[in-house]
Amino acid sequence: MKPLAVKHIVWVKALIHIVSLLFFANLIWLVLNNKFGADPVDGITHYTGIAALNTLIVTMFVSPIARYAKQGLLVRCRRVVGLYSFFWATLHLFTYLALDLTFSFALLGSEILSRPYLAVGAVCWVILFALTVTSTAHIQRKMGAKWQKLHHYVYLALVLAPIHFYWSSKSELIEPTIYFLLAISLLAVRWKTLKRIVFRPALKRR
Ligand code: HEM
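Residues numbered from 1 in each chain as written. Predicted model: local features only at pLDDT ≥ 70, side-chain atom pairs only at ≥ 80, totals over all residues. Heavy atoms only, no water.

The name an unreviewed UniProt entry assigns to the protein is Protein-methionine-sulfoxide reductase heme-binding subunit MsrQ, from the organism Enterovibrio gelatinilyticus. Regarding the protein, the UniProt comment filed under Subunit (unreviewed entry) reads as follows: "Heterodimer of a catalytic subunit (MsrP) and a heme-binding subunit (MsrQ)." Comment text from UniProt for the protein, heading Sequence similarities (unreviewed entry), reads "Belongs to the MsrQ family." (UniProt positions renumbered as here; feature names shortened; annotations may be inferred.)

Set out below in structure tokens:
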């Protein structure tokens with residue numbers, strides 16, 4: 001396959017926007033037509049949570065696919081998919097805050113502190129937030145080497161999201177397990193990078 005050119009990347013990005021907006025339009029259609037059944041809040045929480053997790057997984061697939069297919073320019077699409085992951089995670093958090101807790105931030109704080117699965121989700125959301133606000137080329141230049149260090153936290157988010165899913169499930173175990181295995185596989189293909197991140201600070205201290 002011939003390497004993709006910049007103009008093709010523009011089309012891939014446009015496709016990512018179209019697909020994401022279609023999923024968002026589908027959510028609105030499901031809500032307006034009462035398609036979430038007896039517990040719509042649960043349905044919306046599920047839809048937005050799964051969308052956040054799926055987009056996070058897709059974000060982490062971009063680099064291995066680009067390397068395997070020798071399509072280096074494809075990594076330029078990673079940021080936009082990552083931003084959609086934050087978008088869905090924020091909508092998911094907003095659903096919980098607005099529809100479950102009627103906008104009580106005090107209750108949100110106490111719920112996060114008292115339920116470990118929510119604390120895990122909150123840490124994951126904070127990581128996605130930090131990665132989103134520092135995702136522009138301008139901030140990347142300003143932060144220098146610190147930017148890469150911060151963006152390595154995406155690996156932690158990748159593990160925390162399926163744990164949050166697993167912990168929140170009362171009966172469903174197969175789906176969270178599949179996501180967890182996917183996350184572990186995505187970390188495994190980055191084994192060399194992870195080894196460098198985990199062991200290099202320890203070597204420096206010696
Ligand atoms: C402060 C941040 C977060 C809060 C307060 C939160 C809250 C919740 C709640 C209340 C549930 C439903 C549990 C139940 O069914 O009883 C849930 C499930 C879920 N969350 Fe989160 N979450 C947060 C962050 C995240 C993030 C960052 C992700 C993904 C990147 C995520 C993905 C999921 C998934 C996949 C589920 C399972 C959906 C289902 O099958 O019902 N959450 N979360």
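## Comments concerning the overall build of the protein
On a plain count of helices and strands, the protein comes out with 10 helices and zero strands. In the protein, the succession of helices and strands from N to C terminus is α-α-α-α-α-α-α-α-α-α. Relative to the compact-globule value of 17 Å for 206 residues, the protein shows a C-alpha radius of gyration of 18 Å, a close match. Referenced to the eigenvectors of the C-alpha coordinate spread, the extents of the protein come out at roughly 50 × 50 × 35 Å. Taken over 206 residues, the protein has a buried fraction of 36%. (Helix = DSSP H or I, 4+ residues; strand = E, 2+ residues; numbered from the N terminus. Rg over C-alpha atoms; globule rule 2.2 N^0.38 Å. Buried < 20%, exposed > 50% of the residue type's maximum accessible area, 1.4 Å probe, protein only.)

## A word on the packing of aromatic side chains
As enumerated under the stated definition, the model contains 11 aromatic pairs in all. When the ring of W125 is compared with that of F129, the centres are 5.4 Å apart and the planes differ by 15 degrees; the resulting orientation is stacked. You can see W125 and its partner F129 sitting in helix α5 (residues 116-133), four residues apart, about one turn around the helix. Its relative accessible area of 23% is what places W125 among the partly exposed residues. (Phe/Tyr/Trp six-rings, centres within 6.5 Å; stacked < 30°, edge-to-face > 60°.)

## A short note on the coordination of the iron atom of the ligand
Taken together, H92 (NE2) and H164 (NE2) make up the protein donors of the iron atom of the ligand, found 2.0 Å from the metal. Seen from the iron atom of the ligand, its six donor atoms lie at angles of 86 to 179 degrees, and the figure they make is octahedral. Of this pair, H92 sits in helix α3 (residues 78-100) while H164 is found in helix α8 (residues 154-168), placing the two residues 72 residues apart along the sequence. The buried category is assigned to H164, whose relative accessible area is 18%. (Donors = N, O, S within 2.8 Å, 3.2 Å for Na, K, Ca; no water. Tetrahedral: all angles 85-135°; square planar, octahedral: opposite > 155°, others 65-115°.)

## As for a nonpolar patch on the surface
Residues L15, V19 and F23 make up a contiguous nonpolar surface patch of roughly 280 Å² in combined accessible area. In this structure, L15 sits in helix α1 (residues 6-32). The exposure class assigned to L15 is exposed, which follows from its relative accessible area of 52%. (Patch = residues over 30% accessible without salt bridge, like charges linked within 9 Å, V, L, I, M, F, W, Y side chains within 5 Å. Areas by Shrake-Rupley, 256 points an atom, 1.4 Å probe, with all protein chains shown as cover. Salt bridge = Lys/Arg side-chain N within 4 Å of Asp/Glu carboxyl O.)

## What to know about the nonpolar core
Among the nonpolar cores identified, the biggest contains 41 residues, and L56, W88 and L158 are the most heavily contacted of them. Those elements that place two or more of their residues in this core are α1, α2 (40-68), α3, α5, α8 and α9 (174-188). With 10 residues, α2 is the single largest residue contributor to this core. Once residues lying within four places of it in the same chain are set aside, the contact partners of L56 are S85, L128, V154, A157, L158 and A161. The next biggest cluster of nonpolar side chains, apart from the first, holds five residues, and it includes Y96, L97, L101 and L118. (Core = buried A, V, L, I, M, F, W, Y, C linked by side-chain atoms within 4.5 Å. Contact = heavy atoms within 4.5 Å.)

## Quick look at the site of the ligand
What surrounds the ligand is a group of 22 residues, the closest being H46, H92, H164, F165 and K170. Within the contact set of the ligand, an oxygen atom lies 2.5 Å away from a side-chain nitrogen or oxygen of H46. A distance of 2.7 Å separates a nitrogen atom of the ligand from a polar atom in the side chain of H92. Elements represented by at least two residues in the shell around the ligand include exactly α2, α3, α5 and α8. For the shell around the ligand, the element with the highest residue contribution is α2, accounting for seven residues. (Near = heavy atom within 4 Å. Polar contact = N/O pair within 3.5 Å; in protein donor to acceptor, adjacent residues only side chain to side chain.)

## Side note on the environment of V41
In this structure, V41 sits in helix α2. A relative accessible area of 21% means that V41 is categorised as partly exposed. In this structure, the C-alpha to C-alpha distance between V41 and L99, residues 58 residues apart in sequence, is 6.6 Å. Not counting residues within four places of it along the chain, the set of residues in contact with V41 comprises T95, L99 and D100.

## Quick notes on the UniProt feature "domain: Ferric oxidoreductase" (unreviewed entry) in the protein
UniProt's entry tags residues 48-161 with the feature "domain: Ferric oxidoreductase" (unreviewed entry), counted in the numbering of this structure. For the annotated span residues 48-161, helix accounts for 82% and strand for 0% of the residues, and the straight-line distance between the end C-alpha atoms is 13 Å.

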